[in-house]
Each structure stands twice: as C-alpha cells, then as structure tokens.
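This is what each chain is made of:
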Amino acid sequence: MSGFDDTLSVIDFVISDEPAPNCQQCGRPRGDSPSGDFCSENCQRVWRGRHIAATPAEDGGAHPSELPETAPVTPLSWLGPAPVGAFAKPGHEVLDAVVTFVSRFSAFANEHAAPTLALWYAHTHVAERLYVTPRLILDSAEPGSGKTRVLEVAQYLVAKPEMTISITPAAIFRMLADGPMTLLFDEIDAVFNPKTGGNNEDLRALLNAGYKRSATVTRCVGDAKSMNVTRFPVYAPVALAGIAGGMPDTITTRAITVHMRKRRFDEVVEEFIEEDVERESAPLRAELAEWVGRVGDDVSRARPERPDGVRDRAAEIWRPLLAIADAAGGHWPETARRACRHFVLEATAQPVSIGVRLLADVRQIFAAENTDRMVTAELIRELHAIEDGPWTDVQGKPLDSRRLAKELDRYLVRPKDLKVSGKTLKGYRIDGDGGLADAWSRYLPPPETGATSATNATPQVTATSGAAEAPGSSATSATRVADGRGTQQPLAPVLTRPVAEVADVAPAKPDHDHEGDR
C-alpha cells in the first residue's frame, strides 16, 4: 500500500463511527474481540506502530511526542480512557496555575504583580531563544516585606536557578559559559551600598550588559607565556531583591520593578515549608517548561502590540513577556498589557534622576505662572517653595544659581540675559537657543490634557513690552513683571518680595499699582 493510501486509511479509520467488519491490521473477521477495529491486541499494537509512528514523518505533521492540548472531538474508544497526562495543558491554564501557586505564599501590593511574575518565570525556560531578558527587581521600603519569599518560591519555578547573596563577576561569567541560568540575588542593596567600600562596578556592568544575548565579557586567560583573549557570554535572566533606593539607575531602566510591602494584619498567606513547596511545584514547573518550550520559537519571532506610551527600552524588555501572554491566550493578552501599563506608565511615573526632576518642576512653575521667561532668583525661590521637592537640600546645601545652571546645562539649557524694567538680569526662557522647550519635549512626557501650558503664553508675553496694562488686569499679574517674569506691564522691580504678599495689598486699579510697589 502506498503512503497516500496509508494516510487515507488512517483518516477513514479515525473518523469512522461504525465498527469495521474485519480487523484493520490483518483483514480477518474480528470475531468476539472487544475492540471494534482489531481482532487481537497484537494486531492493534502492530497497526499503531506502523501508522502512528510513520504517518507524521510522511505528511509533515507534529512529532508524536508533542501532546495535543485537548482531546479529539471523536473519542478514540478503541484505545480506552485517556491516561493522566495524555493531553498537555493550554498555556492560559498553566500560567493561571503559576499565579495561584505564588499567591499562596505572598501578599502582593496590587493585582499586576503575580501575573508579571508568572510571565517572567515562564520566559526563563526559553531565554536561550530570546534576544532580551528583562531584569526583575523586588524592592521594599522596609525589611520583612516578602522579597526573599518571592525568590524562594521562584527558584522552584524558573529554569536552572542559582540563588545567592554574594557572588563575584568572575564566578558569574564562568558559570554562564555553558548557557544561561537564572540568577536570583538577595540583599542586593548591600552589594551596591557605597558605605560597604567595595568596588562593584564590574558586577553592575555585567548585570547591565547581560540583559542582551549578544553581551560578552572579555578576559585574558592563561599564564604569561600563553595568554589568550577569551570572550565569556554573560546573558542570563536575573532577579534582584533589596531595599528600595539602593539599585543603580542603569539596572532599574532594564528592569521590571515590583514593589513589595509588609502584610497587613488581616492578610494571611500559607506557611512556607520548603520541602513541601519543592514537591508541590515540581509538576507545575514541568508543565510550564513543556508549554513554553512548545511556543518558544513563535515567542522569539513575535512582535506583539504594546500599550500606548510604552516604547524604547521599556518596549524592548516587555516584548518577550507580551509575546508569551499572546501565546497563552485566554485573558492573558489583556492581563499582560494592563500590567505593562502599570509598571511602565504608572508605577515608574516619578523622574528617574535629579536632572529630570528639575526639568519637571521648572515646567510646572512656568505653567503655573503662565510665563515664557523667569529670572534665576525668582525661579530658585519657587523651587525652594515646593513642599516635597529636594531643592532645599541638594548634597547638603540649598540649590543656588550656580548649581541650577550646572544641572540644566546637561540638557543644553543655559541662562540668558533678560530685560526687566530697564535692567538686565540672568534668567531662563522657554523658546530660542538654550531654551527649555527642547529639553522638556525630549525628557518629559507631554503635559496632561487640560493643564495650563507655559508655551501657550509665549505669543502674548514679553519682558520688554511698554504697553499699558488693561484696566481689568489683576494686581498679581502686575507684580510678576517686578519679579522678573514675562508680562505685558513693565513695573519697578521688586526682586525680594514673594508674589503672594504683594498681591494681597496691591489695589486693583493700574494707576495705583506703582504706588504699591514703592
């Protein structure tokens, strides 16, 4: 019988509802055989060995070792009931089981933490097929917030775990020589704490570079007579746990940060008994590895759609997790994107450096005053007045004009000469060469819809206009020129008095504003 005829025979045999009159293997009558298709167990075994093993190779189908995720619509009654484990769990069920398991031992601060951990654990099993592996950071304001517990559970779910609190860069890249393993670092804040006096720059550089598959560390290997340059791969999934604030910014920008908090008294989790966790997690880890392994090639090639506002490095590190969620199906594509929006756009909304924080606060001040320019003295006074700002204590002393110029110069923003009531004073402008507008557009998100935009004031505002103030103008707007802000009314300068004080006592009529400023 030809291969084509064999294939047709297999199809007819599987979809047939009526028992065959003769044995499908030898052709003899079935007699009183309990099987509807074979006369004996031997014929059944021979037929299955000849067709099931050969058909996939001939028709290009799946390898017989790859189990289907669901049972066929037409039951194969002649094979009896399906044994346990005959069908692989679909991806969404596997990930749901991981979320349930990790949630037994930890009380997370929000609904996005556990699903994100499940996706991160899953990606470690196909890390060698991916180009990027996001770092996972577990931090907290205080000790005893559950960071170590997450790592303890993770070591029984991730691929090739290596849990440690102290390891040298040399040991790491020698361990990774045989391929990626999952590094789980606890108490990492002590490693990067400058008070320890240790030089951990090599470790920081290794963790930075190792999030991409192409990363290597170059070392000279051998003695002085036979020295060879060897490139060691350092690509590996890494999870880091420590007190918040002790992590280098270059690592946090390559990471998904899950903030842990102390449990409330009414929050209850299961007791962590390691031998029980190891035993109970074994089948779950096997299912996770098996499922992700089946979809790994699709995940590595996927270009998943990402939420609006997620781009650049954030999009890069979330791509494998979103691809895994899409492959899982069910609710996971939407669940993963909600988590992505949370961790990228909401949980990390604060500026990541003092320079970006300065740009954000300056923009807020310009918008609140509806001006396009401001003298340095008044801008510094407004910065000092921000209640939760760091500007009254920058490295041990208040922000001054020299430090302000130095910080803004990194973003090509420089002080300019401003004409204020016939005097030339140093200050900052929004537009023009060295203005703030370009830096704001590059380093800050767009201002919120409906907020007052300082840029909108630019066409109406100048510092040298001699036009008289309109009768309906407020006393507050008159004093802003006196403080060096751009307005339409050049009045006598008052550079030391706060705006609010003058506004409280100034008359409404413009003719008397001059008297109030004297």
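Residues numbered from 1 in each chain as written. Predicted model: local features only at pLDDT ≥ 70, side-chain atom pairs only at ≥ 80, totals over all residues. Heavy atoms only, no water.

**Student:** Kindly report on the environment of arginine 303, identifying the contributing residues and their values.
**Tutor:** Looking at the secondary structure, you find arginine 303 in the loop between α11 (274-301) and α12 (312-328). With a relative accessible area of 60%, arginine 303 lands in the exposed category. The sequence separation of arginine 303 and arginine 319 amounts to 16 residues, and the corresponding C-alpha distance is 7.1 Å. Within the local environment of arginine 303, its side chain forms a polar contact with the backbone oxygen of arginine 301, the two atoms lying 3.1 Å apart. (Helix = DSSP H or I, 4+ residues; strand = E, 2+ residues; numbered from the N terminus. Buried < 20%, exposed > 50% of the residue type's maximum accessible area, 1.4 Å probe, protein only. Polar contact = N/O pair within 3.5 Å; in protein donor to acceptor, adjacent residues only side chain to side chain.)

**Student:** Break down the sheet that holds strand β1 (residues 135-140) for me, with residues and values.
**Tutor:** Across the sheet, five strands lie side by side as β2-β3-β6-β1-β7; this open sheet has parallel pairing. If you trace the sheet from one side to the other, it starts and ends with β2 (161-164) and β7 (255-260), each paired once. Direction aside, neighbouring strands of the sheet carry axes that sit 15 degrees apart on average. Pairing analysis gives four bridges linking β2 to strand β3 (residues 182-185), with the strands arranged parallel. (Pairing = 2+ DSSP bridges. Axes fitted to C-alpha atoms, helices over the stretch in contact; angles between N-to-C directions.)

**Student:** Explain the sheet that holds strand β9 (residues 416-420) to me, using residue names and the numbers behind them.
**Tutor:** Read from one edge to the other, the open sheet built from three strands follows the order β8-β10-β9, with strand pairing classed as antiparallel. The open sheet terminates on both sides in strands that have one partner only, identified here as β8 (373-375) and β9. Across the sheet, the mean angle from the axis of one strand to that of its neighbour is 55 degrees, orientation sign disregarded. Bridge count between β8 and strand β10 (residues 423-429): three bridges; the pairing is antiparallel. By the bridge assignment, methionine 374 is partnered in β10 with tyrosine 428.

**Student:** Please give an account of the packing of aromatic side chains that cites residues and values.
**Tutor:** In this description, an aromatic ring pair is defined by two values, namely the gap between the centres and the angle between the planes. Evaluation of the coordinates by the stated rule reveals six aromatic pairs. Between tryptophan 120 and tyrosine 121, the aromatic rings sit 6.3 Å apart at their centres with planes inclined by 75 degrees, giving edge-to-face as the arrangement. For tyrosine 121, a relative accessible area of 1% translates into the label buried. Between the aromatic rings of phenylalanine 366 and tryptophan 440, the centroid separation amounts to 5.9 Å while the plane-to-plane angle is 75 degrees, which identifies the pairing as edge-to-face. You can see phenylalanine 366 sitting in helix α14 (residues 354-369) and its partner tryptophan 440 sitting in helix α17 (residues 437-443), a full 74 residues away along the chain. On the accessibility criterion, phenylalanine 366 (0% relative accessible area) is buried. A network of ring pairs unites the aromatic residues Phe101, Phe105 and Phe272 as a single cluster. (Phe/Tyr/Trp six-rings, centres within 6.5 Å; stacked < 30°, edge-to-face > 60°.)

**Student:** Let's hear about the pairing of β10: which residues, and what values?
**Tutor:** Strand direction decides the pairing type here: β9 and β10, joined by five bridges, are antiparallel. Bridging across to β10, leucine 418 finds its partner in leucine 425.

**Student:** Lay out the pattern of salt bridges in plain terms, naming residues and giving numbers.
**Tutor:** Taken as a whole and assessed by the stated rule, the structure comprises 24 salt bridges. Here arginine 337 ties to aspartate 326 by a salt bridge, and the two come within 2.9 Å at their closest N and O atoms. With arginine 337 in helix α13 (residues 332-346) and aspartate 326 in helix α12, this pair connects stretches of sequence that are eleven residues apart. A relative accessible area of 12% means that arginine 337 is categorised as buried. A salt bridge links glutamate 407 to arginine 410; its shortest N-O distance comes to 3.0 Å. On the accessibility criterion, glutamate 407 (10% relative accessible area) is buried. It is possible to trace a salt-bridge network through shared partners that takes in Arg104, Glu270 and Glu280. (Salt bridge = Lys/Arg side-chain N within 4 Å of Asp/Glu carboxyl O.)

**Student:** Break down helix α5 (residues 113-124) for me, with residues and values.
**Tutor:** Owing to its 3.6 residues per turn, the α-helix brings residues three or four apart onto one side. Relative to the 16 Å expected for twelve residues at 1.5 Å per residue, α5 spans 17 Å between its end C-alpha atoms, a close match to the ideal helical length. Most of α5 is tucked away: twelve of the twelve residues are buried. (Expected span 1.5 Å × (residues − 1).)

**Student:** Can you break down the packing of α14 against helix α15 (residues 376-384) residue by residue, with the values?
**Tutor:** Axis separation between α14 and α15 bottoms out at 10 Å; the angle between their running directions is 105 degrees. By the angle between their directions, the pair α14 and α15 is classed as roughly perpendicular. Only Leu379, Glu382 and Leu383 of α15 make contact with α14, whose side of the interface consists of Leu358, Asp361, Val362, Ile365, Phe366 and Glu369. Here the contact of α14 with α15 is built from residues that sort into six nonpolar, no polar and three charged. (Parallel < 35°, antiparallel > 145°, perpendicular 65-115°, else oblique. Contact = heavy atoms within 4.5 Å. Nonpolar A, V, L, I, M, F, W, Y, C, P; charged D, E, K, R; others polar.)

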